[in-house]
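This is what each chain is made of:
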Amino acid sequence: MPVDSANDLRQIRQERITAFRQGIRAIVPALIATGTWGMVTGVAMVKSGLTESMALAMTLLLYAGSAQLTSLPLIAAGAPLWLIFMAGCVVNLRFIIFGAALHPYFRHLSWPRRLGLGYFTTDMGFVLFMPRYGDAAERGTREQLWFFLGTIVPGWIVWQSSSIVGIYLGGMVPSNWSLDFAAVLALLAITIPLANSKPMLISMLAAGLVAWVGQLFPLRLGLAAAVICGIVAGMLAERFVQKGRA
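The notes below deal with the structure included here.

**Points about the overall build of the protein chain**
1) Next: Scanning the protein chain from N- to C-terminus turns up 11 helices and zero strands.
2) Next: In sequence order, the protein chain lays out its α and β elements as α-α-α-α-α-α-α-α-α-α-α.
3) Next: Evaluated residue by residue, the protein chain yields a buried proportion of 37% over its 246 residues.
4) Next: When contacts within the protein chain are restricted to residue pairs at least 6 apart in sequence, those whose partners lie at least 24 apart make up 77%.
5) Next: Taken as a whole, the protein chain presents about 14,500 Å² of accessible surface, with 69% of it coming from carbon and sulfur.

As structure tokens, this is what we get:
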């Protein structure tokens, strides 16, 4: 192999490793809360009547905590399959927005690879990626791909590990323990550190208000509305802040 080619390959490998490590460093503060939420979800699946094998299949194939927790009461109540599927889709409507925003960065990849990224994509991965590369002049770079992988791969490992632990420990957890409260604490641990700017605060407040008002909506539509309103409010606030600086 020519010396120049070897040097190029070494440089590419180093660039990938550096970007991947940066992604890992960015996601590390959220992994404790992710693990807590995953364990709570694992326990909740078993407590809802799923067998251990069914719970394992659900966490590995679905990999969506909000959709899993939304579907569990419906499964326990014997709701029809179409209703369970629809409720999960409604709760995860935000990933359509995430996918549209991430498309310019990964559209050069083959569709199987894009599907793979879609499976591993999480809220935290998106939240950490967009502020860093949202204004990038060049999109679709090697650095962007490997930074994104650095944020989503550790999240998947921690979630699945903790969820599996929760599945096998679910029978030991007393029925009177408040798992919902533990899940809320885990989510707060993830979201509070993100409130580090005015647009983010406005986005959170808008989403929280709409979620509170939307509790009466059927099929958890209030959650989907909160996500959409939070994103729109954050984008408008960001534009307002940028205009004020200009």
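**Regarding the pattern of salt bridges**
1) Next: Considering all chains together, one arrives at two salt bridges under this definition.
2) Next: Between Asp123 and Arg94 there is a salt bridge; the shortest N-O distance is 2.6 Å. Of this pair, Asp123 sits in helix 7 (residues 123–133) while Arg94 sits in helix 5 (residues 94–106), and the two are 29 residues apart along the sequence.

**Side note on helix 5**
1) Next: Compared with an ideal rise of 1.5 Å per residue, which puts 13 residues at 18 Å, helix 5 spans 18 Å between its outermost C-alpha atoms and is within 8% of the ideal.
2) Next: Along helix 5, the helix axis deviates most sharply at Ala100, where the bend reaches about 30°; the proline Pro104 sits within four residues downstream.
3) Next: Turning to helix 5, its buried residues are Arg94, Phe98, Leu102, Tyr105 and Phe106.

**Topic: a positive patch on the surface**
1) Next: On the surface, Arg10, Arg13, Arg16 and Arg113 cluster together into a patch of positive charge.
2) Next: Looking at which element gives the most residues to the positive patch, the answer is helix 1 (residues 3–47), with three residues.
3) Next: Within the secondary structure layout, Arg10 lies in helix 1.
4) Next: Look at Arg10 and you get partly exposed, because its relative accessible area is 48%.

**Details of the packing of helix 5 against helix 7**
1) Next: Across the interface, helix 5 lies against helix 7 with an axial gap of 11 Å and an inter-helix angle of 45°. In this view, helix 5 runs oblique relative to helix 7, as classed from their interaxial angle. When you trace helix 5 past helix 7, the crossing you get is left-handed. Judged by residue contacts, Arg94, Phe95, Phe98, Ala101, Leu102, Tyr105 and Phe106 of helix 5 engage Asp123, Phe126, Phe129, Met130 and Tyr133 from helix 7.

**Observations regarding a nonpolar patch on the surface**
1) Next: Among the surface-exposed residues, Met39, Val165 and Leu169 lie close enough to one another that they form a single nonpolar patch of about 210 Å² accessible area.
2) Next: Within the element layout of this structure, Met39 appears in helix 1.

**Some points on unusual backbone geometry**
1) Next: Backbone geometry at Tyr63 places phi at a positive 45°, although glycine is not the residue there.
2) Next: If you trace the backbone, Tyr63 turns up in the loop between helix 2 (52–61) and helix 3 (65–76).

Calculation criteria
Counting of residues starts from 1 at the beginning of each chain's written sequence and follows it residue by residue. Two thresholds apply to this predicted model, a pLDDT of at least 70 for residue-level local features and 80 or more for giving and counting side-chain atom pairs, whereas whole-chain, interface and lining totals are computed over all residues. To obtain the side-chain values, all non-hydrogen atoms of the structure were included, while hydrogens and water were left out. Strands are runs of DSSP state E lasting at least two residues, helices are runs of H or I lasting at least four, and both sets are numbered from the N terminus onward. Whether a residue is buried, partly exposed or exposed follows from its accessible area with a 1.4 Å probe, protein chains only, as a fraction of its type maximum: under 20%, in between, or over 50%, in that order. Throughout, a contact is declared for two residues whenever any of their heavy atoms are within 4.5 Å. Where accessible areas are quoted, they stem from the Shrake-Rupley method and a 1.4 Å probe; at the residue level, only the protein chains shown are allowed to cover. Put simply, a salt bridge is a Lys or Arg side-chain nitrogen that is within 4 Å of an Asp or Glu carboxyl oxygen. Residue count minus one, scaled by 1.5 Å, sets the expected span of a helix. The seven residues ending at a residue and the seven starting there each receive a fitted axis; the angle between those axes is the bend at that residue. A patch consists of residues exposed above 30% relative accessible area that lack any salt bridge, with like charges linked at up to 9 Å and nonpolar side chains (Val, Leu, Ile, Met, Phe, Trp, Tyr) linked at up to 5 Å. A positive count includes Lys and Arg, and a negative count includes Asp and Glu. His and the chain ends are not counted in either. Every charge is mapped onto a representative atom, which is NZ of Lys, CZ of Arg, CG of Asp or CD of Glu. Angles here are taken between N-to-C directions and fall from 0 to 180 degrees, while the axes themselves are lines fitted to C-alpha atoms, restricted in helices to the stretch in contact. Oblique is the label for any angle not covered by the other classes, which are roughly parallel (under 35 degrees), roughly antiparallel (over 145) and roughly perpendicular (65 to 115). Here is the rule for handedness: rotate from the far helix to the near one, and if that takes an anticlockwise turn smaller than a right angle the crossing is left-handed, while a clockwise turn gives right-handed.

Shape descriptors only; they carry no functional weight alone.
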